[in-house]
Amino acid sequence: MSRRRLAAAGVCLRLTQRGCVSSCGPTCRTCSTTSASTGLHTTTACGSGTLSPATTPSTATSSTSASSSCSSARLLPPRRQAGPYELTTRWTMVMKFMLLPWKPELVFTGLSIMGVNPQNLKFNSHVDLWDSIQNNEYFSSEGLLDVFKQLRIYKTPDIETPNYLILKRTAHYEVRSYAPFLVVEAKGDKLTGSSGFNNVTGYIFGNNASSEKIPMTTPVFTQASDDTLSDVSIQIVLPMNKDLDSLPAPNTAVTLRKVEGGIAAVKKFSGRPKEEIVLQKEKDLRSQLLNDGLKPHPGCLLARYNDPRTKSFLMRNEVLIRLIDFTLEL
């Protein structure tokens, strides 16, 4: 499967009268498409951009927002110009590979560089650059390997989970923008421990002031808030339609709180999350972030999506590290 065919299945850009590029219109939004020929169901969040004359570099600007996948276009260096006009846009493409029984999710992010003919305002060149590979030639064995790596089986329960946008996916991690969500929280003992789990599950199963049963969500978070990863709490995410005023008061040693949205780097892995494995994943992720010039926050979260009875090779686990002052680059 070529990278161009993947792009054709999910990325549709057009020039509007106001000089903007988007997936469906003049404003950035998310669209879904299905390609019968490739068996891909695609959701694409395309960045919007403005068109700048190549002869006026002093007027070219670039602005990005950490809370969305939109970014305005900027003028590229002369060696990358494809014509009198040139436009760059950032995109995220999330696909379900429908031809496999487990329907794996494929995620690609990157840049599109498009040259525009000023006479008819039509694109006359188009280059896609993926964030997850170095070799962005038309047919790249590295790109093909990147696709196959994402075809592995993860079992994600079909229940509610916190909302997030994937801003960037590299070869080693994703960068996500999380919306705020509520949790019920108790004191834990270690990242992979179960201390406090009965307290937080007891709350949602009815051990609260009004004996209200609250729907289960995923994942279960354990959070270490210090550099040594020893100050640990365990959390269950509460349904998105709840707020602190509508939730019943707890009976046991748990607290309810709002987790503010933010940007986090995420490393996904399968298998049973043993403590030494999780600590190594956290160490690897932090090292990769520092190597990429990013600013990781102290501490981390472990997200466990499955119950302990799930076969280990199907388990979906994630280590998350919050980022400080993250911006998307063009």
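The protein is annotated in an unreviewed UniProt entry as SOUL heme-binding protein from Sorghum bicolor. The Sequence similarities (unreviewed entry) field of the UniProt record for the protein holds the comment "Belongs to the HEBP family."

Participant: How should the overall build of the protein be read in this particular structure?
Facilitator: A tally of regular secondary structure across the protein gives four helices and 17 strands. Within the protein, the proportion of its 330 residues that are buried is 48%. Of the contacts made within the protein by residues no fewer than 6 positions apart, 65% connect residues no fewer than 24 positions apart.

Participant: Can you walk me through helix 3 (residues 197-204) in this structure?
Facilitator: For helix 3, the set of buried residues is V200, T201, G202, Y203 and I204. Summarising the contacts, the buried residues of helix 3 are in contact with strand 11 (181-187), strand 13 (232-237) and strand 14 (255-259). Backbone geometry just after helix 3 places G206 at a positive phi near 120°.

Participant: So what exactly am I meant to see when it comes to the nonpolar core here?
Facilitator: In summary, soluble globular proteins display a tendency toward joint burial of nonpolar side chains. The biggest cluster of nonpolar side chains holds 20 residues, and the ones touching the most others in it are V175, L191, L285, L289, V319, L323 and F326. If you list the elements that add at least two residues to this core, you get strand 15 (262-269), helix 4 (275-291), strand 16 (300-304) and strand 17 (317-322). If we ignore the near neighbours within four places in the chain, the residues touching L285 are Y173, A265, K267, V319 and I321. Formed by 13 residues, the second largest nonpolar core is a distinct cluster that contains L182, Y203, I234 and L247.

Participant: Help me understand the pattern of salt bridges, please; the structure alone is not making it clear to me.
Facilitator: Pairs can form between side chains of opposite charge once their charged atoms are near each other. A full pass over the atoms with the stated rule returns twelve salt bridges. Here R257 makes a salt bridge to E185, at a shortest N to O gap of 2.9 Å. Residue R257 is located in strand 14, and its partner E185 is located in strand 11; the two are separated by 72 residues in the primary sequence. A relative accessible area of 29% places R257 in the partly exposed class. Within this structure, R90, D131, K168 and E329 form a network of salt bridges that share partners.

Participant: Teacher, can you tell me more about the sheet that holds strand 11 here?
Facilitator: Two orientations exist for strands paired in a sheet by backbone hydrogen bonds: parallel and antiparallel. Pairing is antiparallel in the open sheet, where nine strands are placed in the order 9-10-15-17-16-12-13-11-14. In the strand order of this sheet, the two ends are held by strand 9 (164-169) and strand 14, each with one partner. Direction aside, the axes of adjacent strands within the sheet are offset by 30° on average. Pairing of strand 12 (residues 220-224) with strand 13, which is carried by five bridges, proceeds in the antiparallel orientation. Within strand 13, the position partnered with F221 by the bridge is Q235. In the packing of helix 4 onto the sheet, contacts are made with strand 15, strand 16 and strand 17, and the angle to strand 15 comes to roughly 125°.

Participant: What's the story with the side chain of T109 in this structure? I'm lost.
Facilitator: Secondary-structure assignment places T109 in strand 7 (residues 105-117). The class of T109 is buried, set by a relative accessible area of 2%. Of note is the side chain of T109, whose polar atom sits 2.6 Å from the side chain of D131. Within the structure, the side chain of T109 is placed 2.8 Å from the backbone nitrogen of R169, a separation counted as a polar contact. What T109 contacts, discounting residues up to four positions off in sequence, is R90, W91, T92, L129, W130, D131, I166, L167, K168 and R169.

Participant: Help me understand the pairing of strand 16, please; the structure alone is not making it clear to me.
Facilitator: Along a regular strand, successive side chains alternate from one face of the sheet to the other. Here strand 16 lies mainly inside the structure; five of its five residues are buried. Burial of the side chains of strand 16 extends over both faces: C300, L302 and R304 are buried on one face and L301 and A303 on the other. Sheet analysis places strand 16 next to strand 17, joined by four bridges and oriented antiparallel. Bridge pairing in strand 17 links L302 to V319.

Cut-offs applied
The residue numbers shown here count from 1 along each chain, following its written sequence. With pLDDT at 70 or above as the cut-off, local features in this predicted model cover only qualifying residues; side-chain atom pairs require 80 or more to be listed or tallied, and sums for whole chains, interfaces and linings still use all residues. Derived side-chain values reflect all non-hydrogen atoms in the structure, with water molecules and hydrogen atoms excluded from consideration. UniProt positions are given in the numbering used here, feature names are shortened, and annotations may be inferred rather than shown by experiment. Put simply, DSSP H or I for four residues or longer makes a helix, DSSP E for two residues or longer makes a strand, and each gets a number counted from the N terminus. Three exposure classes are used, based on accessible area relative to the maximum for each residue type with a 1.4 Å probe and protein chains only: buried under 20%, partly exposed in between, and exposed over 50%. Any two residues having at least one pair of non-hydrogen atoms within 4.5 Å are treated as being in contact. For this analysis, a nonpolar core means a set of buried residues of the types Ala, Val, Leu, Ile, Met, Phe, Trp, Tyr and Cys, connected via side-chain atoms within 4.5 Å. Salt bridges, as used here, are contacts in which a Lys or Arg side-chain nitrogen is within 4 Å of a carboxyl oxygen on Asp or Glu. Any two strands between which DSSP finds at least two bridges are classified as paired. For helices, the fitted line uses only the C-alpha atoms of the stretch in contact; every axis is such a line through C-alpha atoms, and the angle between N-to-C directions lies from 0 to 180 degrees. In protein, a polar contact means a hydrogen-donor-capable atom and an acceptor-capable atom, both N or O and within 3.5 Å, with residues adjacent in sequence counting only if both atoms are side-chain atoms; elsewhere, any N or O pair within 3.5 Å suffices.

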